[in-house]
Amino acid sequence: MKKITNKGTLLIVLIVALLILLTPHLIRIIKYDSILLGKEPYYHIRMAEHLKNFDIPDNDPLIDRPYVLNPYHMVLAASSFIMPLELASKLVPFLLGILSAYLLFLIFNDLNLGKNKILIILLMFVTSPIFIFIFATSSQYSIIIFLNLLGFYLYMKKTTLFLWLSIIVFYLIPFFNIFNALITLILLFIYTIYSKMGIKKFYFISIGLFLRVVIYHFSIFYNYGLPQVSPFTIQDIIPASISDLGGLVSFGVFTLLLAAIGLFVTWKSEKEFYFIYPLAFFLFILSFFLGAYANIYQNFIVCILAGYGFFVLMTRKWHLEVIKNLTLLIIICGIIFSTTSYLVRLSNLSPNQEIIESLEWLNNNSNPSDIILSHHSNGYWIEAIAKRPVILDESFDYINFLDEKQEDLKEIFHSRTLKTTTNLLKKHNISYIWINKDMKEGLVWNKKEEGLLFLFRNSETFKKLKTYTSIEIWEFIG
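Everything numeric in this text was worked out from a predicted model, so none of it was measured.

### As for the overall build of the protein chain
Part 1 of the argument: When helices and strands are counted, the protein chain shows 21 helices and four strands.
Part 2 of the argument: Scaling as 2.2 N^0.38, a compact globule of 478 residues should have a C-alpha radius of gyration of about 23 Å, and the protein chain matches this with 24 Å.
Part 3 of the argument: Once the C-alpha set of the protein chain is aligned to its principal axes, its extents read approximately 75 × 55 × 40 Å.
Part 4 of the argument: Taking all 478 residues of the protein chain together, 53% fall into the buried category.

This is how it looks when you write it as structure tokens:
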């Protein structure tokens with residue numbers, strides 16, 4: 001394979017990254033009138049609106065949960081002074097994605113991986129579903145990954161100035177959550193051992209980072225307790241980690257296949273890769289607590305191994321050149337198809353115009369204090385678009401009486417006893433019920449007249465207010 005220049009490598013990677021990250025937004029503009037995609041972005045934009053107005057609430061105004069200040073919300077709020085918040089929610093992650101690809105190029109270049117290997121690994125990275133998810137949607141991980149890469153790049157330098165700059169960058173990470181700070185510490189330790197850098201340098205940063213974690217999070221844990229952590233199983237992790245099976249924070253099948261080849265080859269012959277194995281094992285264990293979000297860090301390992309696996313297939317001697325070319329072509333086409341399929345699927349994520357319209361109707365036809373009942377996965381939309389409170393949304397951290405609320409909502413959705421259901425609806429002061437197609441097709445119910453759907457027959461208790469193609473809005477009369 002002909003070697004290319006540094007500038008050529010960087011140019012190719014940045015152009016591909018640019019096209020990849022622009023694609024979902026262009027599809028949204030054409031098909032969905034530029035509606036912000038996903039669910040979590042609506043939470044970020046709602047809290048950024050508070051900060052924009054110099055209002056830092058102690059508690060979330062729309063759900064029974066304390067608000068912990070998030071630096072990502074501060075970045076969005078600051079950006080909103082020069083552009084609309086929705087545009088900032090698209091542009092900030094996009095720019096951080098381009099900068100992250102550039103930083104990763106600088107890091108690999110300093111590690112002397114070789115121009116061709118760097119190009120292949122970076123192309124694996126910028127076409128990976130996880131890169132697309134983090135930087136094409138409004139995600140706090142866009143700034144977390146950027147800070148980690150920037151911190152590592154500065155940490156690799158040998159001057160005192162860069163050391164102090166890396167300390168400043170790393171000390172920002174604990175403000176997101178304790179898991180990211182822990183992962184940063186582990187990465188720093190493994191890299192320090194691998195690179196044979198002075199261990200005192202690591203101690204200097206890690207002690208300060210540890211103290212920052214303790215000081216910042218102690219008050220949070222003291223006041224609100226530990227965040228809610230639901231254990232994940234292999235049955236949860238595997239489908240959520242493969243994009244071709246529907247996972248969002250996931251890997252492509254062909255990339256995993258190349259990573260397996262890269263793992264086999266490096267295990268046998270490349271001693272400099274030994275630091276990857278304990279790190280991969282650590283992140284795998286962590287996935288049982290963080291779920292698929294542990295894949296965000298695992299993605300760097302997978303892309304490095306996949307790039308190395310592809311490089312080995314490309315440079316090794318084959319008995320038949322035609323078989324080699326055919327194999328590489330199948331792999332390349334498989335990665336392109338997987339990436340394209342993921343881009344289309346991500347771009348078609350809800351909400352659509354119907355969801356926006358129905359929630360805006362709720363906003364215009366209900367009181368600000370009216371509580372809306374729906375599945376918790378719809379909570380962020382209801383809070384941000386309808387601007388109405390819910391019982392639960394997708395974040396369970398620090399929710400008061402969480403177990404009780406989950407049991408009550410399960411009973412409301414599935415009980416066919418009118419008295420039981422009405423008593424629970426009154427207990428939680430629910431005024432309206434917002435139901436979408438997903439809830440009727442397995443998310444909550446599997447049958448047409450199951451639980452609450454059966455009780456809707458009682459016109460003295462429930463009144464249908466609005467019907468859309470895939471959405472119903474009911475009022476609880478009581």
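### Structural notes on the sheet that holds strand S3 (residues 462–467)
Part 1 of the argument: Spatially, the four strands line up as an open sheet ordered S1-S2-S4-S3, and their pairing is mixed. The open sheet has two edge strands with one neighbour each: strand S1 (371–373) and S3. Each strand of the sheet is rotated relative to its neighbour by a mean of 30°, with strand direction disregarded.
Part 2 of the argument: Bridging between S1 and strand S2 (residues 430–436) involves three bridges; their strand directions are parallel. Note that in S2 the partner of Ile 372 across the bridge is Tyr 432.

### A word on a nonpolar patch on the surface
Part 1 of the argument: On the surface, a cluster of nonpolar side chains totalling about 930 Å² of accessible area is made up of Tyr 203, Ile 207, Phe 210, Leu 211, Val 214, Ile 215, Phe 218 and Tyr 222.
Part 2 of the argument: Topologically, Phe 218 is positioned in helix H10 (residues 199–224).
Part 3 of the argument: Note on Phe 218: relative accessible area 54%, which makes it exposed.

### A short note on the pairing of strand S4 (residues 471–476)
Part 1 of the argument: With respect to burial, S4 is a largely interior element, five of its six residues being buried.
Part 2 of the argument: Relative to S4, S2 is paired through five bridges, and the arrangement is antiparallel. Its bridge partner being in S4, Tyr 432 is matched across the sheet by Glu 475.
Part 3 of the argument: Bridging between S3 and S4 involves five bridges; their strand directions are antiparallel. Looking at S4, one finds that Lys 464 is bridged to Trp 474.
Part 4 of the argument: Between S3 and the antiparallel strand that follows it, S4, lie three residues.

### Quick look at the pattern of salt bridges
Part 1 of the argument: In total, this model carries twelve salt bridges according to the counting rule given.
Part 2 of the argument: A salt bridge links Asp 110 to Lys 157; the shortest N-O distance between them is 2.9 Å. Of this pair, Asp 110 sits in helix H4 (residues 85–110) while Lys 157 is found in the loop between helix H7 (141–156) and helix H8 (160–170), placing the two residues 47 residues apart along the sequence.
Part 3 of the argument: One salt-bridge network, in which partners are shared between bridges, spans Arg 46, Asp 60, Arg 65, Glu 383 and Asp 393.

### Some remarks on the environment of Ala 101
Part 1 of the argument: By the element assignment, Ala 101 lies in helix H4.
Part 2 of the argument: Through-space distance from the C-alpha of Ala 101 to that of Leu 149 is 9.3 Å; in sequence the pair is 48 residues apart.
Part 3 of the argument: Once residues within four sequence positions are removed from consideration, Ala 101 is found in contact with Val 13, Leu 14, Leu 122 and Val 126.

### Re the nonpolar core
Part 1 of the argument: Counting residues in each nonpolar core, the largest one holds 150 residues, and the members touching the most others are Tyr 42, Leu 359, Leu 373, Leu 452 and Phe 462.
Part 2 of the argument: If sequence neighbours within four positions are ignored, Leu 373 has contacts with Leu 409, Ile 412, Phe 413, Leu 425, Ile 430, Tyr 432, Ile 433, Trp 434 and Leu 452.

### A look at helix H14 (residues 295–315)
Part 1 of the argument: Between the first and last C-alpha of H14 there are 29 Å, a value that for 21 residues agrees with the 30 Å anticipated at 1.5 Å per step.
Part 2 of the argument: In terms of burial, H14 is largely enclosed, as 20 of its 21 residues are buried.

### Here's the deal with the packing of helix H6 (residues 129–136) against helix H15 (residues 321–347)
Part 1 of the argument: At a minimum axis separation of 10 Å, H6 and H15 run at an interaxial angle of 30°. With respect to H15, the element H6 is oriented roughly parallel. Regarding H6 and H15, the two cross each other, and that crossing is right-handed. Residue-level inspection shows Pro 129, Ile 132, Phe 133 and Ala 136 of H6 in contact with H15, the latter providing Thr 339, Tyr 342, Leu 343 and Leu 346.

### Some details on the environment of Leu 362
Part 1 of the argument: Inspection of the secondary structure assignment puts Leu 362 in helix H16 (residues 353–364).
Part 2 of the argument: Residues Leu 362 and Arg 388, spaced 26 residues apart in sequence, show a C-alpha to C-alpha distance of 8.4 Å.
Part 3 of the argument: If we skip the residues at most four places from it in the chain, Leu 362 touches Ile 372, Ala 386, Arg 388, Tyr 432, Trp 434 and Ile 473.

Criteria and thresholds
Residues numbered from 1 in each chain as written. Predicted model: local features only at pLDDT ≥ 70, side-chain atom pairs only at ≥ 80, totals over all residues. Heavy atoms only, no water. Helix = DSSP H or I, 4+ residues; strand = E, 2+ residues; numbered from the N terminus. Rg over C-alpha atoms; globule rule 2.2 N^0.38 Å. Buried < 20%, exposed > 50% of the residue type's maximum accessible area, 1.4 Å probe, protein only. Pairing = 2+ DSSP bridges. Axes fitted to C-alpha atoms, helices over the stretch in contact; angles between N-to-C directions. Patch = residues over 30% accessible without salt bridge, like charges linked within 9 Å, V, L, I, M, F, W, Y side chains within 5 Å. Areas by Shrake-Rupley, 256 points an atom, 1.4 Å probe, with all protein chains shown as cover. Salt bridge = Lys/Arg side-chain N within 4 Å of Asp/Glu carboxyl O. Contact = heavy atoms within 4.5 Å. Core = buried A, V, L, I, M, F, W, Y, C linked by side-chain atoms within 4.5 Å. Expected span 1.5 Å × (residues − 1). Parallel < 35°, antiparallel > 145°, perpendicular 65-115°, else oblique. Left-handed = near helix turned anticlockwise from the far one by under 90°.

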